[in-house]
Amino acid sequence: MNIILFDRDLRIFDHQPIAEAAKLGEILPLYIIEPSQWEDAAYSVRHFQFVVESLEDLSDQIEGRGGKLFFSIEELREVLEKLLEAYESINVFIHRDARILKKVTGWMEKNQQRLFIYGAEIDQVSAKAFKKQVQLYLDVPLAEAPERIHVPEETPSILFTDMKKIHHFRVKGKRIRFGQQGGESRALETLDSFLEERFANYIGNQHKPLPSSFSSSRLSAYISWGNISVRTIFQRTTEKLQLCGKDEERVQLEAFLSKITARVRTACHHLEYEQNEDVSIVKKDWNEEWFQRWIEGRTGVPVIDAAMRCLVKTGWLNYTLREMVTSFIANTLWLDGQKPSAVLAQLYLDYDPGLHDFYVQQITGLSTKRLKIINPIKVSKQIDPEGAFIRRYVTELEKIPGEYIHEPWLYPAFYQLGYPPPIIDVLKANKLARQKFDRLTKQDKPSGKKGEDETGQLSFDI
Ligand SMILES: Cc1cc2nc3c(=O)[nH]c(=O)nc-3n(C[C@H](O)[C@H](O)[C@H](O)COP(=O)(O)OP(=O)(O)OC[C@H]3O[C@@H](n4cnc5c(N)ncnc54)[C@H](O)[C@@H]3O)c2cc1C
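What counts, and where the lines are drawn
The numbers attached to residues start from 1 for each chain and follow its sequence in the written order. Totals for whole chains, interfaces and linings use every residue, but because this is a predicted model, local features are given only for residues with pLDDT of at least 70 and side-chain atom pairs only at 80 or more, for both listing and counting. In computing side-chain values, all of the structure's heavy atoms are included and hydrogens and water are not. In these notes, a set of buried Ala, Val, Leu, Ile, Met, Phe, Trp, Tyr and Cys residues joined through side-chain atoms within 4.5 Å is what counts as a nonpolar core. Working definition: with a 1.4 Å probe on protein chains only, accessible area under 20% of the residue-type maximum means buried, over 50% means exposed, and in between means partly exposed. Starting at the N terminus, helices and strands are each numbered in turn, a helix being any DSSP run of H or I of at least four residues and a strand any DSSP run of E of at least two. Every residue pair with non-hydrogen atoms within 4.5 Å of one another is taken to be in contact. An automatic or database domain assignment is the source of the domain bounds shown. Here the quantity called buried area is the accessible surface, traced with a 1.4 Å probe, that two parts lose on coming together, added over both. The term salt bridge refers to a side-chain nitrogen of Lys or Arg lying within 4 Å of a carboxyl oxygen of Asp or Glu. Two N or O atoms count as a polar contact when they lie within 3.5 Å, although within protein this holds only if one can serve as hydrogen donor and the other as acceptor, and sequence-adjacent residues are included solely when both atoms are side-chain atoms. Classification convention: Asp, Glu, Lys, Arg as charged; Ala, Val, Leu, Ile, Met, Phe, Trp, Tyr, Cys, Pro as nonpolar; all other residues, Gly among them, as polar. Here, a strand pair is defined by DSSP locating no fewer than two bridges between the strands. Angles shown run from 0 to 180 degrees and are taken between the N-to-C directions of axes, each axis being a line fitted to C-alpha atoms and, for helices, limited to the stretch in contact. One less than the number of residues in a helix, times 1.5 Å, gives the span that helix is expected to have.

Engineer: Explain the nonpolar core to me, please; I cannot follow it from the model alone.
Structural biologist: As a rule of thumb, nonpolar side chains are buried together in soluble globular proteins. Within the largest apolar cluster, 128 residues are counted, with the highest numbers of intra-cluster contacts made by Trp38 and Trp294. Considering every element that reaches this core, the biggest residue donor is helix α3 (residues 45-63), with 8 residues. Each residue touching Trp294, except ones within four places of it in the same chain, is listed here: Thr299, Ile304, Met308, Val325, Phe328, Ile329, Pro340, Val343 and Leu344.

Engineer: Just checking my understanding: could you explain the domain arrangement of the protein for this structure?
Structural biologist: Interface size is commonly expressed as the accessible area that is lost once the parts come together. Each domain of the protein was delimited in the assignment, giving domain 1 (2-119), domain 2 (184-273) and domain 3 (288-440). Put simply, the middle of domain 1 and the middle of domain 3, counted by C-alpha atoms, are 38 Å apart. At the interface, 8 residues of domain 1 touch 12 residues of domain 3. Buried area between domain 1 and domain 3, both sides added, is near 820 Å², and the carbon and sulfur share of it is 52%. By the criterion of area lost to domain 3, the three top residues of domain 1 are Ala42, Arg46 and His47, representing 56% of everything that side buries. For the pair domain 1 and domain 3, the interface holds 0 salt bridges. Put simply, domain 1 and domain 3 have 9 residue pairs in polar contact (both at pLDDT 80 or more) between them. Among the residues forming the side of domain 1 that touches domain 3, the class breakdown is 4 nonpolar, 2 polar and 2 charged.

Engineer: Teacher, can you tell me more about the sheet that holds strand β1 (residues 2-6) here?
Structural biologist: Consider a sheet: its strands pair through backbone hydrogen bonds, and that pairing is either parallel or antiparallel. A sheet is described by the order of its strands in space; here 5 strands give the open sequence β3-β2-β1-β4-β5, paired in parallel fashion. Strands with a single pairing partner mark the edges of an open sheet, and in this sheet they are β3 (70-73) and β5 (114-118). Within the sheet, the average angular offset between the axes of one strand and its neighbour, ignoring direction, is 30 degrees. Two elements, strand β2 (residues 27-33) and β3, share 4 bridges in a ladder whose sense is parallel. From the neighbouring strand, Tyr31 faces β3, where its bridge partner is Phe71. Contacts from helix α4 (residues 76-87) reach β1, β2, β3 and β4 (91-95) within the one sheet, and its direction differs from that of β2 by about 150 degrees. Packing against the sheet, helix α5 (residues 98-110) makes contact with β1, β4 and β5, and its axis sits at approximately 150 degrees to β5.

Engineer: What should I look at first to understand the side chain of His207 in this one?
Structural biologist: With respect to the helices, strands and loops of the structure, His207 is situated in the loop between α9 (202-205) and α10 (209-215). His207 sits in the buried class, given a relative accessible area of 11%. Side-chain polar atoms of His207 contact the side chain of Thr320, separated by 2.7 Å.

Engineer: Hey, could you run me through helix α12 (residues 230-243) in this one?
Structural biologist: Because an α-helix packs 3.6 residues into every turn, residues spaced three or four apart end up facing the same way. For α12, which comprises 14 residues, the first-to-last C-alpha distance of 20 Å matches the rise-based estimate of 20 Å (1.5 Å per residue) to within 8%. Among the residues of α12, Val230, Arg231, Thr232, Ile233, Phe234, Gln235, Thr237 and Leu241 are the ones counted as buried.

Written out as structure tokens, the structure is:
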């Protein structure tokens, strides 16, 4: 039996495993809900909600082609065992993904079954060759969705097709009301609206908290759960670029394309990085009260609080704000990054371990041995000068005069606002963090020296 194992590739267009397997005849399109995955600290019900919406869309697409999408709620290897028992021989078709590869490869080898892996396989050779390989991967023609899908009439009893059973599966966390909805159709609509209109101020708005929520592509969750392939986005944007007459518009689209390419590169680095688990060189402290205040958006630093409240509500932040909230908890407050990283992962609708872990480790100095310390007050003045973002999410500060919005503790009537004083003196704490880090990593750098990882200035994410 040819089994298509869906994971973070919940789509039908440009899906090579299903396109190739369907050519062979009968197939079994399968999504396995693994209890152990959903118990992992990094996952939450908002991810599950997005996945369920994606599965509904995928199921409709497959049924429209005469097939069915099957489900099982059990550990992946146990399902494979039972399928092998039922069919005597199985071929499994998957996309290259660190989690699924780890789970499936050894089992398939041990049981002498055939595994077909699709997706970017890029060697970490020289930088130039690497860039060329990424480009070649992005230029490959898109895989057509199969016209007809034939599935077996009878299937083992561990499989089911009724989505209601999935709705009863419980995952920790709170559901999200204002987040993006999952599914391939939504992903394509989002790409269309970006290329038709929203891209116009892509560069100018990229750091600005409120404008970026409209003029960024907002494709990250769709890419992370595989509702759309990076290749589809890359090729559609390139087509648009070729038709584009205005230089101003071309510049925006080129910047977007370089981010899409950066994503492929980071994902490939992750596959390699996975093998190196010994990254913990810095021992930090723990303060449960500070941690809770950070999650609840009550640190007394307005931009950090606005960002955390926005994230809880919407599931999304732009790159600059992601850096700021991570740096604040792990560097300024000097708390061990593991728990905060898991909480952030639970909250980001687009959580992708390959990107998330990579950036958190870069900021906290675990992978680079350089700490990224940010002065949130200074950056806040640059990216949200009028304080519109702060006022939207920190309603206690809604009416404060503009000159105090970034540093409300300077406002003479501060204690009437009902907003907490800052948890820490940010400048002093940042200086101390640098000294501690330098001592721990035995780097002989004078503290306070302005370097590439020194802060206050905007950082650029590629
Ligand atoms: C601490 C931290 C954690 C992050 N965790 C995630 C995560 O779990 N999942 C995730 O998708 N992104 C993550 N990012 C990268 C980035 O912040 C988001 O991809 C971006 O904010 C998503 O918004 P957008 O789709 O509108 O992006 P756009 O600016 O429109 O970019 C288009 C696409 O390019 C990719 N992209 C953009 N910037 C980067 C980058 N710097 N590196 C790699 N790919 C990029 C994303 O897929 C994005 O959807 C993280 C960044 C930081 C600093």
